[in-house]
Amino acid sequence: MPAGIYKGDANMIDLIKFTVKADAVEDAKRYMSIQAEENRHDEGHLMSHVFQSKTDPHAFYMLMGWENQQAVEKHMATEHDAQFREWMDSLLACEPEFVEWSQII
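Residues numbered from 1 in each chain as written. Predicted model: local features only at pLDDT ≥ 70, side-chain atom pairs only at ≥ 80, totals over all residues. Heavy atoms only, no water.

Asker: So what about the packing of aromatic side chains? Which residues, and what values?
Answerer: A complete count under the given rule lists 2 aromatic pairs for this structure. Judged by centre distance (5.9 Å) and plane angle (85 degrees), the ring pair of phenylalanine 18 and phenylalanine 84 falls under edge-to-face. Of the two residues, phenylalanine 18 sits in strand S2 (residues 11-19) while phenylalanine 84 sits in helix H3 (residues 79-89), which places them 66 residues apart along the sequence. Ring geometry for tyrosine 31 and tryptophan 87: centres 4.6 Å apart, planes at 20 degrees, overall stacked. Of this pair, tyrosine 31 sits in helix H1 (residues 25-39) while tryptophan 87 sits in helix H3; the two residues are 56 residues apart in sequence, bridging distant segments of the chain. Take tryptophan 87: its relative accessible area is 25%, and that puts it in the partly exposed class. (Phe/Tyr/Trp six-rings, centres within 6.5 Å; stacked < 30°, edge-to-face > 60°. Helix = DSSP H or I, 4+ residues; strand = E, 2+ residues; numbered from the N terminus. Buried < 20%, exposed > 50% of the residue type's maximum accessible area, 1.4 Å probe, protein only.)

Written out as structure tokens, the structure reads:
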């Protein structure tokens, strides 16, 4: 299981930080919007949300929820996820950060 995925009650919650190049903010918003919409059609999808930092406009957080590990694996094998990763590769200022976190309440 990749770091950053919270596993609780069989659900998988993934929080990923993307930091994009200065000239890539609008493209990143567009690609993340497309990805979030496409995710909603994936089997086992629970949620997809994208947040932009108020203090660093180049930093985006994608929060995704899946019913189980099998749903995550199916999602990662989709054409739209491969396309998203390809699009984002050219926009990133650094590697995506899989945020390590724990739900406490």
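Continuing now.
Asker: Describe the packing of H1 against H3, listing the residues and the values that go with them.
Answerer: Two elements in contact, H1 and H3, have axes whose closest approach is 10 Å; the angle formed by their N-to-C orientations is 170 degrees. Regarding the angle of H1 to H3, the classification is roughly antiparallel. Residues Ala28, Tyr31, Met32, Ile34, Gln35, Glu38 and Asn39 of H1 pack against His80, Asp81, Phe84, Trp87 and Met88 of H3. (Axes fitted to C-alpha atoms, helices over the stretch in contact; angles between N-to-C directions. Parallel < 35°, antiparallel > 145°, perpendicular 65-115°, else oblique. Contact = heavy atoms within 4.5 Å.)

Asker: Can you explain the confidence of the model for the protein chain? Please cite residues and give values.
Answerer: In the predicted model, the protein chain carries a mean pLDDT of 91, and 90% of its residues have values of at least 70. Confidence scores differ between elements of the protein chain, with strand S1 (residues 5-8) showing the lowest mean pLDDT of 49 and H1 the highest of 98. (pLDDT = per-residue confidence, 0-100.)

Asker: Please provide a residue-by-residue account of the pattern of salt bridges, values included.
Answerer: Taken as a whole, this structure holds 5 salt bridges when the rule is applied. Across the pair lysine 74 and glutamate 43 runs a salt bridge, and its minimum N-O distance is 3.5 Å. One end of the pair, lysine 74, is in helix H2 (residues 69-76); the other, glutamate 43, is in the loop between H1 and strand S3 (45-52), with 31 residues separating them in the sequence. The class of glutamate 43 is exposed, set by a relative accessible area of 59%. Between arginine 85 and aspartate 81 there is a salt bridge; the shortest N-O distance is 2.9 Å. Of the two residues, arginine 85 and aspartate 81 both sit in helix H3, 4 residues apart, roughly one turn of that helix. With a relative accessible area of 7%, aspartate 81 lands in the buried category. (Salt bridge = Lys/Arg side-chain N within 4 Å of Asp/Glu carboxyl O.)

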